[in-house]
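# Structure assessment
Now for the letters of each chain:
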Number of protein chains: 4
Amino acid sequence: MSHNTFGHLFRLTTWGESHGPALGAVIDGCPPGLALSEADIQPYLDKRRPGTSRHVTQRREADEVRILSGTFEDERTPGPVTTGSPISLMIENTDQRSKDYSDIRDRWRPGHADFTYDMKYGVRDYRGGGRSSARETAARVAAGAIARKVLGDGISIRAVLVQIGPRAIDRTAWDWAAVEQNDFFCPDPGTAARWAEDLDEIRKAGSSVGAMVECHVSGVPAGWGAPVYGKLDADLASAMMSINAAKGVEIGAGMEAAAMRGEDAADEMRLDADGKPAFSSNHNGGVLGGISTGQDLVVRLAIKPTSSIRIEKQTLTRSLEEVAVSTKGRHDPCVGIRAVPVAEAMAALVLADHKLRALAQNATP
Amino acid sequence: MSHNTFGHLFRLTTWGESHGPALGAVIDGCPPGLALSEADIQPYLDKRRPGTSRHVTQRREADEVRILSGTFEDERTPGPVTTGSPISLMIENTDQRSKDYSDIRDRWRPGHADFTYDMKYGVRDYRGGGRSSARETAARVAAGAIARKVLGDGISIRAVLVQIGPRAIDRTAWDWAAVEQNDFFCPDPGTAARWAEDLDEIRKAGSSVGAMVECHVSGVPAGWGAPVYGKLDADLASAMMSINAAKGVEIGAGMEAAAMRGEDAADEMRLDADGKPAFSSNHNGGVLGGISTGQDLVVRLAIKPTSSIRIEKQTLTRSLEEVAVSTKGRHDPCVGIRAVPVAEAMAALVLADHKLRALAQNATP
Amino acid sequence: MSHNTFGHLFRLTTWGESHGPALGAVIDGCPPGLALSEADIQPYLDKRRPGTSRHVTQRREADEVRILSGTFEDERTPGPVTTGSPISLMIENTDQRSKDYSDIRDRWRPGHADFTYDMKYGVRDYRGGGRSSARETAARVAAGAIARKVLGDGISIRAVLVQIGPRAIDRTAWDWAAVEQNDFFCPDPGTAARWAEDLDEIRKAGSSVGAMVECHVSGVPAGWGAPVYGKLDADLASAMMSINAAKGVEIGAGMEAAAMRGEDAADEMRLDADGKPAFSSNHNGGVLGGISTGQDLVVRLAIKPTSSIRIEKQTLTRSLEEVAVSTKGRHDPCVGIRAVPVAEAMAALVLADHKLRALAQNATP
Amino acid sequence: MSHNTFGHLFRLTTWGESHGPALGAVIDGCPPGLALSEADIQPYLDKRRPGTSRHVTQRREADEVRILSGTFEDERTPGPVTTGSPISLMIENTDQRSKDYSDIRDRWRPGHADFTYDMKYGVRDYRGGGRSSARETAARVAAGAIARKVLGDGISIRAVLVQIGPRAIDRTAWDWAAVEQNDFFCPDPGTAARWAEDLDEIRKAGSSVGAMVECHVSGVPAGWGAPVYGKLDADLASAMMSINAAKGVEIGAGMEAAAMRGEDAADEMRLDADGKPAFSSNHNGGVLGGISTGQDLVVRLAIKPTSSIRIEKQTLTRSLEEVAVSTKGRHDPCVGIRAVPVAEAMAALVLADHKLRALAQNATP
């Protein structure tokens with residue numbers, strides 16, 4: 001049992017603090033023989049990197065990943081391939097700006113883990129949030145790139161933002177091609193433009209806002225996941241809830257299912273044009289009884305607004321003084337934007353793990 | 001890694017099919033010296049039992065639990081106490097009525113795990129849903145009673161229904177005392193009466209409806225849970241999502257956090273009357289950075305409407321014929337009602353596990 | 001992490017005390033579709049059962065196993081088959097004779113876990129050794145029968161005794177057919193006869209003696225096990241050391257390898273008659289670098305002499321009085337005999353687990 | 001389940017190949033607040049390092065460790081302390097000499113994992129043994145230093161060599177002070193001198209020889225370890241068997257217990273001078289029923305002779321040619337010597353894990 005390890009067969013262990021020399025990941029259980037080099041991983045980190053638009057943190061991190069173990073290449077391999085040994089990834093921290101945090105050393109910032117870390121451990125690396133910093137997610141994103149290799153090209157994982165603050169997208173205007181063309185991973189260009197205006201206002205006001213991420217996965221065969229405590233949707237729920245600032249997770253119809261009638265929520269079955277089993281709807285989000293149906297997985301997670309804002313809030317110090325706190329320096333007005341590639345990575349990690357778990361119990365030897 | 005085991009240090013393994021001879025649980029890791037007998041467990045099962053109101057399934061199960069191992073008593077103990085060895089619980093199935101299911105043997109009922117089990121395993125115990133049946137939750141509820149012993153009397157776990165179908169409670173009318181006085185675990189007596197009417201209609205119409213469960217836990221000290229992949233809220237999320245028919249889980253402000261502003265979502269800190277740290281609000285639901293704050297935990301889960309309804313739906317058989325399916329026999333018009341004690345049990349199991357995990361890393365030896 | 005669970009993918013959890021109502025096992029992770037009924041398990045328990053010869057305990061246990069979950073049968077299956085759900089086994093205790101133990105309630109019998117249980121838990125079921133009793137091994141043997149199903153007929157697991165007390169077998173007289181024909185699982189009929197005489201003397205003297213078990217497995221393909229902490233030999237070592245009274249485990253040349261020269265210990269490779277890779281010797285016992293070579297696995301374990309003997313020994317009571325203790329009643333003069341089927345079961349459990357682990361990382365999807 | 005992770009609560013994951021850029025470890029579950037810097041770890045690595053005597057490999061590795069995460073220091077801490085977050089250690093490889101291995105790229109060296117890795121993974125990093133190299137043990141030794149911090153100064157872990165080849169020490173001449181004064185971790189100076197001569201001969205002959213390591217631990221309180229599958233001795237067995245070239249593990253009387261009588265093997269109990277429970281002997285090696293007794297733990301492991309020798313042996317290549325193989329370059333004539341600090345590290349890791357496990361189930365909250 002390990003607080004810093006995710007997964008059972010495809011296992012990710014991450015390490016590293018926001019202001020330590022580096023952060024990293026060890027991936028164990030990866031099948032051998034998969035082509036893997038830094039070039040397979042770096043693009044996903046770049047998608048996540050701060051400083052890529054005016055709407056995200058202006059901290060300049062190169063986030064350059066190195067593979068330190070687990071691959072091998074000689075003149076007979078087509079390039080570096082995984083060996084089945086643990087893959088160690090490292091990303092050095094280059095732009096910490098420690099002095100931005102010295103004044104909040106003793107303050108328990110509302111909405112952050114400062115208070116809870118002190119209660120739990122007695123000692124806390126306060127620089128940039130230490131281990132609780134969202135920079136840990138860089139390690140997840142890097143590992144997610146390897147998980148995608150395990151899943152293969154037949155499985156597509158795409159996450160988008162469907163809401164920033166109270167403004168949701170217009171689903172009738174959904175265009176996958178638009179997602180790469182704005183700063184918000186938004187599939188609705190009209191709403192993306194409105195979000196840009198909303199966030200400029202919010203930033204100027206020293207405020208922040210929440211967001212809703214929606215992740216679609218297609219190509220998962222039926223049969224992944226297992227009943228009771230190995231459920232695919234339960235694992236997706238804990239994976240998404242482990243993302244910083246997540247406050248809710250839903251699948252398919254989600255929380256709205258509570259208001260529905262059985263005859264409306266049912267996903268009827270029929271034969272498709274090829275005479276294969278198909279469903280007429282997808283309220284279940286691709287999972288039934290904890291097992292994938294073969295339909296698209298649809299998972300949503302709600303990200304709360306950034307707790308580090310310029311607007312003053314009341315809090316306590318370690319010595320129990322009541323003080324006001326206001327965060328200056330570099331922060332996101334909407335951390336939900338950067339959660340998009342992290343949600344994709346978590347989905348990839350859960351699915352790679354489930355793929356191996358399904359092989360273990362069900363493969364013909 | 002086990003699909004049928006929940007928890008890490010306080011570990012529950014369940015077994016048993018709906019129409020097998022019995023179902024049961026093995027609880028490992030329970031501390032020694034706790035008073036434990038069947039009388040500590042049976043009341044929780046009775047709360048869950050079918051046939052207790054006209055609104056739930058009319059299957060008559062005694063659900064009588066036996067403790068087969070893990071406790072010991074002699075003239076020097078105050079009564080039976082746990083020994084630290086695994087505790088084995090067994091509940092015999094007494095009222096299966098196999099013949100109710102023979103006609104659906106080859107049908108993939110919409111919304112059930114029939115199709116996914118066949119895809120995954122190739123063989124399926126179709127009687128009453130086999131292993132996917134909600135009867136497995138009897139084992140969880142029994143284990144939850146033992147988890148409460150580990151937590152002790154200082155921690156209170158109470159779940160209620162806050163919504164059936166589109167009708168939500170009036171939160172201003174919340175009265176904990178009302179919860180035990182209606183068939184719905186509802187804290188608002190006025191809405192409870194309306195729900196009774198709603199369900200009578202729905203049952204007559206051969207339909208079903210979803211529900212929303214809300215679970216409150218008070219008395220949890222600050223410091224339980226751990227960052228990154230040991231988060232208390234992530235574990236609560238997967239625990240609740242593992243309950244049959246769950247489609248979404250949220251904590252604190254939940255999915256609504258996506259629409260909020262940072263200054264509204266922040267839970268400010270102040271000193272209470274005794275000069276101790278306290279929070280001015282609880283949008284975070286009692287967890288920050290994955291660690292408990294000492295505030296009440298507030299978790300909600302959405303339960304989809306029962307998939308077994310009298311209204312006909314289209315589906316396929318194993319031999320890929322398109323057929324209509326309609327379920328007769330004994331079924332719940334709203335499985336959310338029976339999910340209430342199950343949600344309490346899952347919360348207890350997660351917390352007992354986290355209590356032991358906190359002791360492991362942080363106890364003064 | 002569970003003290004009462006063995007294995008990772010093919011997982012066994014056992015429960016039950018010597019003088020409780022029953023003992024049992026839950027097996028999780030078993031592949032679906034394997035034929036399984038009580039008739040597949042009972043013979044292995046009968047091989048283990050007390051009262052089958054004058055040389056083992058005269059406690060009369062029927063040791064009748066029941067399968068309570070995890071299998072399914074209807075008119076289309078060839079018989080009961082595993083469903084992939086957890087398999088629950090139960091064996092009721094029928095002949096406990098509690099009163100045999102009341103006088104040792106407060107005594108810490110030398111060589112038993114009485115003292116250590118009291119130090120660890122504070123409370124102890126002293127009847128017949130409670131959870132530490134060798135009766136727990138009945139559950140292992142039952143589970144081992146299921147593990148053998150997972151392995152299939154191509155893998156043969158056979159354990160024998162090669163030494164009782166100071167008298168070892170004559171390896172040049174080894175005859176597998178002899179093993180079933182004496183009370184000692186001995187492959188050398190001459191030595192078996194001498195052992196019978198030795199044990200009659202030892203029993204009369206109120207003494208006991210140790211033994212050495214040797215387990216051979218053939219048919220394991222190359223490639224099971226994994227480097228570093230997933231080594232097949234390390235898992236075999238802990239499996240065998242977990243058997244009551246085990247004090248040492250060795251593989252291949254074992255402890256004697258310490259005295260050998262490299263050129264003598266090396267297992268050279270050559271081509272066999274079919275042009276396939278083969279080894280010229282097997283000092284490594286079938287494992288290299290923690291991975292199976294395809295050769296026979298050869299594992300030995302040393303079982304210490306029974307600690308419950310009639311000869312008086314000095315010990316303490318719970319209230320720290322110095323007393324003499326002497327065990328009357330039913331006991332084995334050589335528990336090593338009954339360890340033989342247990343060793344086979346442990347080997348089967350380790351190998352079934354490793355088979356699934358190899359499939360997980362290496363199977364072509 | 002992870003092949004490269006050891007332990008349950010105090011968890012070590014190692015990574016890195018012999019000829020990769022670096023090797024390392026991630027330690028999760030370490031309690032917070034323990035003083036820790038590189039200076040606490042480096043001495044143990046130096047004890048292990050090649051090139052420290054003419055009897056071990058002449059590869060010149062600095063083996064300098066860096067701590068990359070998991071500790072924190074500011075003006076208020078006494079120095080760097082653990083935070084409870086994962087501790088990442090890295091050791092760069094500086095002296096690989098790749099060209100020493102190119103001729104054996106396609107050869108399956110007898111006694112090495114070359115053949116089994118190819119069978120398992122299909123791809124193998126052949127340089128210096130890749131992941132199977134004994135260099136991985138540097139990571140274990142570094143982690144063992146941290147485990148010792150968790151155990152505290154009251155627990156002493158000391159391993160020695162008691163046999164090289166056929167020559168065993170004279171136990172009546174045992175002097176702990178001698179261990180640091182010869183190249184063999186030998187407590188008997190007379191035998192150490194003879195071993196030096198023996199090894200000079202063996203090296204000149206291009207041969208190698210096995211050895212026996214014996215590890216003593218004092219200060220472990222009674223009550224660590226748990227019955228059935230959490231046994232302290234079973235965990236020590238798998239820990240020691242996971243060390244490269246280990247072929248047997250024994251505890252206390254070990255394999256010799258098979259030949260003993262019950263009245264001789266029994267460890268009687270009495271009161272010591274302070275009126276506390278004590279034992280009159282220690283045939284059990286400090287563990288009864290899988291739980292520590294409070295006596296010294298005594299564990300022995302047999303290390304087979306190095307498989308890389310100059311004497312020619314027959315083997316096969318990947319293309320199934322029969323060839324002779326002879327290893328030139330830098331090798332140990334007796335790898336048992338370097339296993340001594342590794343055995344200490346493994347004991348420390350097992351015990352730190354068991355300390356936390358005991359706290360989890362038994363601590364008074």
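Residues numbered from 1 in each chain as written. Chains lettered and ligands numbered in written order. Predicted model: local features only at pLDDT ≥ 70, side-chain atom pairs only at ≥ 80, totals over all residues. Heavy atoms only, no water.

## Focus: the relation of the copies chain A and chain B
This is how the line gets drawn: Superposition of the copies was done by least squares, using only C-alpha atoms of residues whose pLDDT is at least 70 in both. Note on contacts: a residue pair is in contact if any heavy atoms of the two residues lie within 4.5 Å.
Rotating chain A by 180° and translating it 0.0 Å along the rotation axis places it on chain B, where the RMSD comes to 0.0 Å. Within this description, the copies of the chain are treated as partners about a two-fold rotation axis. In this assembly, 100% of the residues forming the interface of chain A have copies in chain B that are likewise at the interface, indicating an isologous arrangement.

## Notes on the interface of chain A and chain B
The following threshold applies: Summed over both partners, buried area is the accessible surface (1.4 Å probe) that two parts give up on being assembled. A pair is scored as a salt bridge if a Lys or Arg side-chain nitrogen falls within 4 Å of a carboxyl oxygen belonging to Asp or Glu. For the purposes of these results, a polar contact is taken to be a pair of N or O atoms within 3.5 Å, where, inside protein, one atom must be able to donate a hydrogen and its partner to accept one; residues adjacent in sequence count only when each atom of the pair is a side-chain atom.
Each partner contributes to the interface: chain A provides 103 residues, whereas chain B provides 103 residues. When chain A packs against chain B, the two sides together hide about 8300 Å² of surface, and 63% of this comes from carbon and sulfur. Taken together, chain A and chain B are joined by zero salt bridges. Taken together, the connections running from chain A to chain B amount to 47 residue pairs in polar contact (both at pLDDT 80 or more).

## Focus: the UniProt feature "binding site: FMN" (unreviewed entry) in chain A
Residues and elements named next belong to chain A. Operational definition: UniProt positions are given in the numbering used here, feature names are shortened, and annotations may be inferred rather than shown by experiment. Helix and strand definitions follow DSSP, with helices as H or I runs of at least four residues and strands as E runs of at least two, each counted in order from the N terminus. Type-normalised accessible area, obtained with a 1.4 Å probe on protein chains alone, sets the label of each residue: buried when under 20%, exposed when over 50%, and partly exposed for intermediate values.
With numbering matched to this structure, UniProt assigns "binding site: FMN" (unreviewed entry) to Arg-131, Ser-132, Ser-133, Asn-244, Ala-245, Gly-289, Lys-304, Pro-305, Thr-306, Ser-307, Ser-308 and Arg-330. When you line up the elements, Ala-245 lands in the loop between helix H5 (232–241) and strand E11 (246–251). Taking relative accessible area as the criterion, Ala-245 reaches 22% and is therefore assigned partly exposed. Assignment of secondary structure puts Lys-304 in the loop between strand E16 (297–303) and strand E17 (313–316). With a relative accessible area of 11%, Lys-304 lands in the buried category.

## Things to note about the relation of the copies chain A and chain D
For these two chains of identical sequence, chain A goes onto chain D by a turn of 180° and a shift of 0.0 Å along the axis, with RMSD 0.0 Å. Both copies share a contact surface, since 100% of the interface residues of chain A are interface residues in chain D too.

## Considerations on the sheet that holds strand E2 (residues 11–15) of chain D
Residues and elements named next belong to chain D. How we decide: Only strands that DSSP links by at least two bridges are regarded as paired with each other.
Read from one edge of the open sheet, five strands run E1-E2-E3-E7-E4, paired in antiparallel fashion. Strand pairing shows two members of the sheet lacking a second neighbour, strand E1 (5–6) and strand E4 (65–69), which therefore form its edges. Relative to strand E7 (residues 87–92), E4 is paired through four bridges, and the arrangement is antiparallel. Directly across from Ile-67, in E7, lies its bridge partner Leu-89.

## Section: the interface of chain A and chain D
Contact residues are listed per partner, giving 45 residues for chain A and 45 residues for chain D. In total, chain A and chain D occlude about 3500 Å² of area from one another, counting both sides; carbon and sulfur atoms represent 56% of this. Contact with chain D buries area across many residues of chain A, yet Trp-15, Phe-72 and Val-123 of chain A alone supply 16% of it, more than any other trio. In this structure, the connection of chain A to chain D is made through zero salt bridges. Every element with two or more residues in the side of chain A that touches chain D is listed here: strand E2 (11–16), strand E3 (22–28), strand E4 (65–69), strand E5 (71–72), strand E6 (81–82) and strand E7 (87–92) of chain A. Broken down by element, the residue count for the side of chain A that touches chain D peaks at five residues, all from E2 of chain A.

## Describing the sheet that holds strand E9 (residues 167–168) of chain C
Strand pairing within a sheet occurs via backbone hydrogen bonds; the two strands may be parallel or antiparallel. To keep it simple, the criterion reads: Axis lines are fitted through C-alpha atoms, for helices just across the contact stretch, and the angle between N-to-C directions can take any value from 0 to 180 degrees.
Pairing is antiparallel across the open sheet formed by 10 strands, whose spatial order is E9(C)-E8(C)-E10(C)-E16(C)-E11(C)-E11(D)-E16(D)-E10(D)-E8(D)-E9(D). Each edge of the sheet is formed by a strand with only one pairing partner; in this case those strands are E9 of chain C together with strand E9 (167–168) of chain D. Bridge count between strand E8 (residues 156–164) of chain D and E9 of chain D: two bridges; the pairing is antiparallel. When the bridges of E9 of chain D are listed, Gln-163 of chain D appears paired with Ala-168 of chain D. Against the sheet, helix H5 (residues 232–241) of chain C touches strand E11 (246–251) and strand E16 (297–303) of chain C together with strand E11 (246–251) of chain D, its axis set at about 155° to E11 of chain C.

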